[in-house]
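Tertiary structure, described
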Amino acid sequence: MRNTRSLCAIWAAVMLALGAATFGQARQDVDMIVSGGIVVTMDGARAILHDGSVAIKGDAIVAIGPRTEVENRYRGAQVIDARGRLVLPGFINGHTHVPMTLFRGLHDDVTLNDWLYKYIFPAEAKNVNEEFVRWGTKLAAAEQIRSGVTTFADMYYFEDAVAEETKKAGMRGVLGETFIDFPAPDNKTNAEMLAYTEKFLKKWQGDALIHAAPAPHSIYTCSKKTIQDAAALAKKYHAPLLMHVSEMKKEWEDSEKANGMSPVQYLEKIGVLGPDLVAAHCIFVDEADRKLLAERQVGCVHNPSSNMMIASGVSPVPEMRAAGVAVGLGTDGPAGSNNDLDLMEEIDLAAKLAKISKMNPLALNAKAVVEMATIDGARALHMEKEIGSLEAGKKADLILISLDEPNAVPMYDVYAQIAYSLKGSDVETVVIGGRVVMRERKLLTVDEPAVLEKAREYGKSVKASLGME
């Protein structure tokens, strides 16, 4: 009996040592381990780990692998239990205008041209100031975090205020200050616009979360000089350049008439097409345009809800992907062109829009649209070395999605479940740069009740300003 007890004690000691060390090395301390989920890595091999863990130190992933392997090598100061959940890279909203949450539902069911010139531009002139932008950004941050968005690309006014509120919310942003050839809410002249944007770019250089950018609105609202000035600033500060490109038929027709070429070819002619450009929409792009976009390494962002809601057209996403263009997904602005910021809706709609427009159920499959929301979205923003997949060395941006809802069971194919069954409301926990910004559906970085109350107040003031009451 004594020998048996001794052997048991020895065996227990051995197992304890094995649990605390691997091959004689003590476990390394990390800040967080996300443990035991179905980890959808979106790495080059598209590996899926059915009992996986992710180890995080600081703002980066240090290891990812089978749960037992990771937990034998690392000891987390914080452990998030991911059992019964999907663990994915955070979703990337590649194109939006977040302060426009406060114009949500202002005027719908019109063409893009009428919506811009008859409704939104006038409403912005009467209502948009820095405080408006701050509260709209806070509202958007709450909405996006709740639906699993960890990075978004924005184009609006007072973008420095957008940046400050984005950083407070702990989100990652590629944030573009709008260039436009008429007096804007923040800058009334081109000289003011250039000065503001340069100061904005300088301020945020090297920030861990904020990537500041110039954002010429489009070729139909900006002169050649305005676009080139914005592009020159982007090059000077090694910043991205954000722009609407070929988003409506009228834009394409006007460019053919005025320039004798498509919008994409015009941007090439004036020296703007290049690997720093993030082009939103890209609906009217023919084979020659697609070849140019791929050769110049331009990132394109598909906005299916917006394109359908305004009846702008259907972007040739399968053809662009086949040509080698990096195509991400965006919600567009949460007013008029799409009244929410739920990227999981865009995943679903992108696949279905391609299928019905091509009359081919194989046109764009579930795996492809999940790629567009993650790793291809990162490629479109030229950020694939930092985000878009769960890999050692990349930023620790990840989300946990519940598999305990009625719409989540049973599950046969992970990508199909994400694309067609799961909803933004199924997102439970969100980590950005190693920081938990939502835990078990509780927002930790945004005062949601205060934001909702303020948004209701702004709704009343906007109605009053437009004589709607």
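Our subject in this report is the structure included herewith. Fair warning: this is a prediction, and the values are worked out from it, not measured in the lab. (Residues numbered from 1 in each chain as written. Predicted model: local features only at pLDDT ≥ 70, side-chain atom pairs only at ≥ 80, totals over all residues. Heavy atoms only, no water.)

Now for the sheet that holds strand β14 (residues 299-302). The four strands lie next to each other as β12-β13-β14-β15, forming an open sheet whose pairing is parallel. This sheet does not close on itself; its edge strands, each paired only once, are β12 (241-245) and β15 (326-329). If you compare each strand with its neighbour and ignore which way they point, the axes differ by 30° on average. Where β14 and β15 come together, four bridges link them in parallel fashion. Residue pairing for β15: Val301 is matched across the bridge by Gly328. (Pairing = 2+ DSSP bridges. Helix = DSSP H or I, 4+ residues; strand = E, 2+ residues; numbered from the N terminus. Axes fitted to C-alpha atoms, helices over the stretch in contact; angles between N-to-C directions.)

As a packed pair, helix α14 (residues 366-373) and helix α16 (residues 414-421) sit with axes 8 Å apart at the nearest point and diverge in direction by 70°. The orientation of α14 with respect to α16, classified from their angle, is roughly perpendicular. Where α14 abuts α16, its residues Ala366, Lys367, Val369 and Val370 lie against Tyr415, Ala416, Ile418, Ala419 and Tyr420. Its residues assigned to classes, the contact of α14 with α16 shows eight nonpolar, no polar and one charged. (Parallel < 35°, antiparallel > 145°, perpendicular 65-115°, else oblique. Contact = heavy atoms within 4.5 Å. Nonpolar A, V, L, I, M, F, W, Y, C, P; charged D, E, K, R; others polar.)

It is characteristic of soluble globular proteins that their nonpolar side chains tend to be buried jointly. Membership of the largest hydrophobic core comes to 117 residues, with the highest contact counts inside it found for Leu86, Phe91 and Phe103. Ranked by residues supplied to this core, first place goes to helix α4 (residues 130-146) with eight residues. Counting 15 residues, the second-largest nonpolar core is a separate cluster that includes Ile80, Leu398, Val431 and Val436. (Core = buried A, V, L, I, M, F, W, Y, C linked by side-chain atoms within 4.5 Å. Buried < 20%, exposed > 50% of the residue type's maximum accessible area, 1.4 Å probe, protein only.)

In this section: the pairing of strand β7 (residues 85-89). Counting buried positions over the five residues of β7 gives five, a clear majority of the element. Pairing between strand β3 (residues 28-40) and β7: two bridges, direction parallel. Bridge pairing in β7 links Val39 to Val87. Of the strand pairs in this sheet, β7 and strand β16 (residues 398-402) are connected by five bridges, and their pairing is antiparallel. Directly across from Pro89, in β16, lies its bridge partner Leu398.

Sheet architecture is open: four strands sit in the order β8-β9-β10-β11, paired in parallel fashion. The open sheet terminates on both sides in strands that have one partner only, identified here as β8 (91-96) and β11 (210-216). Taking each pair of neighbouring strands and ignoring which way they run, the sheet shows an average axis angle of 15°. In this sheet, strand β10 (residues 172-179) lies alongside strand β9 (residues 149-156) in parallel orientation, the contact comprising six bridges. Residue pairing in the sheet places Asp154 in a bridge with Leu175 of β10.

Another aspect to go through is the packing of helix α13 (residues 343-358) against α14. Between α13 and α14, the least distance of the axes is 9 Å, while the angle of their chain directions is 140°. As judged from the angle between their axes, α13 and α14 are oblique. Judged by the sense of rotation from one axis to the other, the crossing of α13 with α14 is right-handed. Across from Leu343, Ile347, Ala350 and Ala351 in α13, the residues of α14 making contact are Val369, Val370 and Ala373. (Left-handed = near helix turned anticlockwise from the far one by under 90°.)

All right, on to the side chain of Arg85 then. Residue position: Arg85 is located in strand β7. Classification of Arg85 by relative accessible area gives buried; the value is 18%. Within the local environment of Arg85, its side chain forms a polar contact with the side chain of Glu428, the two groups lying 2.5 Å apart. Not counting residues within four places of it along the chain, the set of residues in contact with Arg85 comprises Gly37, Ile38, Leu400, Ile401, Ser402, Leu403 and Glu428. (Polar contact = N/O pair within 3.5 Å; in protein donor to acceptor, adjacent residues only side chain to side chain.)

Evaluation of the coordinates by the stated rule reveals zero disulfides. No disulfide involves Cys222; its sulfur sits 16 Å from that of Cys282, the nearest cysteine. Classification of Cys222 as buried rests on a relative accessible area of 6%. (Disulfide = S-S within 2.5 Å.)

Turning our eyes to something else, we now look at the pattern of salt bridges. Side-chain pairs of opposite charge can arise where the charged atoms are in close proximity. Applying the stated criterion across every chain yields a total of 33 salt bridges. Two residues, Glu428 and Arg85, come together in a salt bridge whose shortest N-O distance is 2.5 Å. Taken together, the positions of Glu428 in strand β17 (residues 427-432) and Arg85 in strand β7 put the pair 343 residues apart, joining distant regions of the chain. Judged by relative accessible area, Glu428 falls into the buried class, the value being 10%. A salt bridge links Glu253 to Lys249; its shortest N-O distance comes to 4.0 Å. Of this pair, Glu253 and Lys249 both sit in helix α8 (residues 249-259), separated by four residues, roughly a single helical turn. Judged by relative accessible area, Glu253 falls into the partly exposed class, the value being 38%. (Salt bridge = Lys/Arg side-chain N within 4 Å of Asp/Glu carboxyl O.)

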